[in-house]
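Below, each chain spelled out in residue letters.
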Amino acid sequence: MQEMFQRALKIMDIVLSKDLDCILLVDVSNVFYVSDFRGYEGIFALIPKEHDPLLFVPKLEYERAKEESKIHVEQYTNFSAALIESLRNMKCKKVGLCYKRTPHTIVNTIKTKLPNIELTDVSENIANVRMVKDTDELERIVEAIRIAEKGLEEALNTVIDGISELNVAAKAEYSMRISGSEKTPFPTIVASGPNAALPHAVTSSKIVRKGEVVIVDLGATFKGYVSDLTRTISVGKVDGKVKDMFQAVLEAQKAAIRAIKAGIKASDVDKEARKTLEEYGYKEYFIHNTGHGIGINVHELPIVGEKSKNILKQGMVITVEPGVYIKGYAGIRIEDDVLVTKTGCRILSRFKKDLVD
Ligand SMILES: [Mn+2]
């Protein structure tokens with residue numbers, strides 16, 4: 001037997017440890033995880049105990065899938081028929097799947113056509129496996145970060161009094177695109193002045209004005225893996241209050257990063273950021289989690305928040321992004337991507353932060 005693709009092997013470990021006959025994956029990010037094929041809806045993968053992993057695609061995707069996929073590819077003419085036939089032929093009795101990410105129609109088809117199959121939810125097992133990145137995944141994320149940093153550089157060079165938020169976003173995205181980004185993993189945020197007080201502001205035709213701060217939150221995708229970075233930039237001189245907010249967020253981020261290492265609770269990292277902001281008097285203005293995992297999706301486990309149950313492990317890649325938002329006035333957010341190591345962490349993003357004066 002050919003040596004199995006490393007990420008598929010990790011899913012195979014779940015098949016074995018949960019004593020399943022097979023795992024069925026239908027959502028594009030999990031299918032990509034096991035195959036390295038960048039597909040659209042209407043594909044699925046099977047990781048059976050007794051056979052090599054299989055990727056099923058429609059005819060129009062077959063040639064591209066054969067090029068990209070690291071596991072064997074089959075083409076189907078009818079999704080349900082191919083799925084049922086494969087499960088039947090491989091005599092699968094116990095099948096693992098991700099309930100939340102599997103359409104009801106597919107679950108119902110299996111239950112109707114193969115009533116003896118026992119279905120088990122393996123969502124958590126898969127999310128846990130995906131949290132820890134291997135060397136190849138890490139290299140892709142680092143490249144996605146380098147590309148995003150080019151976008152930030154372009155944004156920094158573009159932001160001046162009189163330019164629109166959309167114009168800044170367009171320049172940043174263009175720069176990332178020609179630097180190799182496959183797509184933006186989320187809509188690029190350029191939020192100026194009072195708009196910066198909205199953590200998920202929608203980039204608009206608003207004109208950036210002197211005395212405002214501009215939040216630029218963007219990401220790139222490289223070989224299917226993403227980055228997520230934020231910087232806050234001032235346009236000329238800003239209020240002393242804004243400078244104080246900036247200093248508080250910067251210190252909160254430093255405190256959170258200092259706390260990171262394998263074995264500690266993700267909630268403890270969040271606690272450090274929150275404690276620092278409390279010291280500065282901004283606790284109530286920090287209205288989101290400190291961070292989240294990144295990988296194939298921009299929001300993966302672990303959650304770095306107050307209520308998180310996740311424990312940090314070596315090889316996780318997380319964002320650290322405290323923020324302070326004062327309604328109608330201004331907002332500050334600084335976000336870096338960090339690799340959890342045995343004894344601490346490695347900050348993967350290098351872009352300068354002291355951008356408010
Ligand atoms: Mn983020």
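Residues numbered from 1 in each chain as written. Predicted model: local features only at pLDDT ≥ 70, side-chain atom pairs only at ≥ 80, totals over all residues.

K.L.:
Looking at this structure, I do not really get the domain arrangement of the chain. What am I missing?
P.N.:
Accessible area lost during the coming together of the parts is what is often quoted as the interface size. Domains assigned within the chain are domain 1 (6–130) and domain 2 (135–347). The distance between the C-alpha centroids of domain 1 and domain 2 comes to 34 Å. Domain 1 puts six residues into the contact, and the matching count from domain 2 is six residues. At the level of elements, α2 (28–35) and α6 (123–131) are the ones that each hand at least two residues to the side of domain 1 that touches domain 2. A per-element tally of the side of domain 1 that touches domain 2 places α2 first, with three residues. Along the lines of polarity and charge, the residues of the side of domain 1 that touches domain 2 split into three nonpolar, one polar and two charged. (Domains from an automatic or database assignment. Contact = placed C-beta atoms within 7 Å. Helix = DSSP H or I, 4+ residues; strand = E, 2+ residues; numbered from the N terminus. Nonpolar A, V, L, I, M, F, W, Y, C, P; charged D, E, K, R; others polar.)

K.L.:
What's the story with the environment of alanine 196 in this structure? I'm lost.
P.N.:
With respect to the helices and strands, alanine 196 occurs in the loop between β7 (189–192) and β8 (213–218). Exposure remark for alanine 196: the 27 C-beta atoms within 10 Å place this residue in the buried category. As for alanine 196 and valine 214, which are separated by 18 residues in sequence, their C-alpha atoms are 6.4 Å apart. Other than its neighbours up to four places away in sequence, alanine 196 contacts Ala191, Ala201, Val213, Val214, Ile215, Ala330 and Gly331. (Buried ≥ 20, exposed ≤ 12 C-beta atoms within 10 Å, placed from the backbone.)

K.L.:
Whenever I open this one, the pairing of strand β13 (residues 300–304) confuses me. Can you help?
P.N.:
It is a general feature of regular strands that their side chains alternate between the two faces of the sheet. When you tally the buried positions in β13, you get five out of five residues, the bulk of the element. Examined bridge by bridge, strand β12 (residues 291–293) and β13 share three bridges and lie antiparallel to one another. Bridge pairing in β13 links glycine 291 to valine 304. (Pairing = 2+ DSSP bridges.)

K.L.:
Sorry, what's going on with helix α1 (residues 6–17) here?
P.N.:
For α1, spanning twelve residues, the distance from its first C-alpha to its last is 17 Å, which sits close to the expected 16 Å at 1.5 Å a residue. Within α1, the full set of buried residues consists of Arg7, Ala8, Lys10, Ile11 and Val15. End-on, the buried residues of α1 take up no more than an arc of 155°, which puts them together on one face. α1 presents Gln6, Leu16 and Ser17 as exposed residues on the side facing more than 90 degrees away from its buried surface. Those residues of α1 that are buried lie in contact with β1 (22–25), α2, β2 (44–48), β5 (94–97) and α6. Phi for aspartate 19, located one or two positions after α1, is positive at around 55°. (Expected span 1.5 Å × (residues − 1). Arc of directions from axis to C-beta.)

K.L.:
Help me out: how do you make sense of the environment of aspartate 228 in this one?
P.N.:
Of note, aspartate 228 is situated in the loop between β10 (225–226) and β11 (229–234). Residues aspartate 228 and tyrosine 325 lie 97 residues apart in sequence; the distance between their C-alpha atoms is 19 Å.

K.L.:
Would you mind showing me how to read the sheet that holds β8 here?
P.N.:
Strand pairing in a sheet relies on backbone hydrogen bonds. The paired strands run either parallel or antiparallel. One open sheet accounts for three strands, arranged β7-β8-β11; its pairing is antiparallel. Each of the sheet's edge strands pairs with one partner strand only, and the pair in question is β7 and β11. Along the sheet, successive strands turn relative to each other by an average axial angle of 15°, direction set aside. Two elements, β8 and β11, share six bridges in a ladder whose sense is antiparallel. Bridged to aspartate 217 within β11 is threonine 230. Across the face of the sheet, helix α8 (residues 165–178) comes into contact with β7 and β8 while running at roughly 150° to β7. (Axes fitted to C-alpha atoms, helices over the stretch in contact; angles between N-to-C directions.)

K.L.:
I tried to follow the pairing of β1 on my own but got confused; where do I start?
P.N.:
The alternating pattern of β1 places Cys22 and Leu24 on one face and Ile23 and Leu25 on the opposite face, and all of these are buried. Sheet topology note: the β1/β2 ladder contains four bridges and is antiparallel. Each bridged residue has a counterpart across the sheet, and for cysteine 22 the counterpart in β2 is proline 48.

K.L.:
Help me understand the sheet that holds strand β4 (residues 72–76), please; the structure alone is not making it clear to me.
P.N.:
On the basis of which strands lie adjacent, the open sheet formed by six strands has the order β4-β3-β2-β1-β5-β6 and mixed pairing. Where the open sheet ends on each side, the last strands, each with one partner, are β4 and β6 (118–121). Pairs of neighbouring strands in the sheet enclose a mean axial angle of 25°, with direction left out of account. Where β5 meets β6, four bridges bridge the pair, whose relative direction is parallel. For glycine 96, the partnering residue across the bridge sits in β6 and is threonine 120.

K.L.:
Just checking my understanding: could you explain the nonpolar core for this structure?
P.N.:
One broad trend across soluble globular proteins is that nonpolar side chains are buried collectively. By size, the foremost hydrophobic cluster in this structure holds 101 residues, and its most contacted members are Cys22, Ile23, Leu55, Val214 and Val324. If one sorts the elements of this core by residue count, helix α9 (residues 240–259) sits on top with nine residues. Not counting residues up to four positions away in its chain, the partners in contact with isoleucine 23 are Ile11, Ile14, Val15, Ile47, Gly96, Leu97 and Val122. (Core = buried A, V, L, I, M, F, W, Y, C linked by C-beta atoms within 7 Å.)

K.L.:
Help me out: how do you make sense of the packing of helix α7 (residues 135–158) against α8 in this one?
P.N.:
The geometry of a pair of packed helices is captured by two quantities: the angle between their axes and the separation between those axes. Packing of α7 against α8 brings their axes to within 8 Å, and their N-to-C directions diverge by 145°. Judged by the twist between their axes, the crossing of α7 over α8 is right-handed. Side by side, α7 and α8 meet where Ile147, Ala148, Lys150, Gly151, Glu154, Ala155 and Thr158 of the first sit next to Val168, Lys171, Ala172, Glu173, Ser175 and Met176 of the second. Among the residues making up the contact of α7 with α8, the classes are represented as six nonpolar, three polar and four charged. (Left-handed = near helix turned anticlockwise from the far one by under 90°.)

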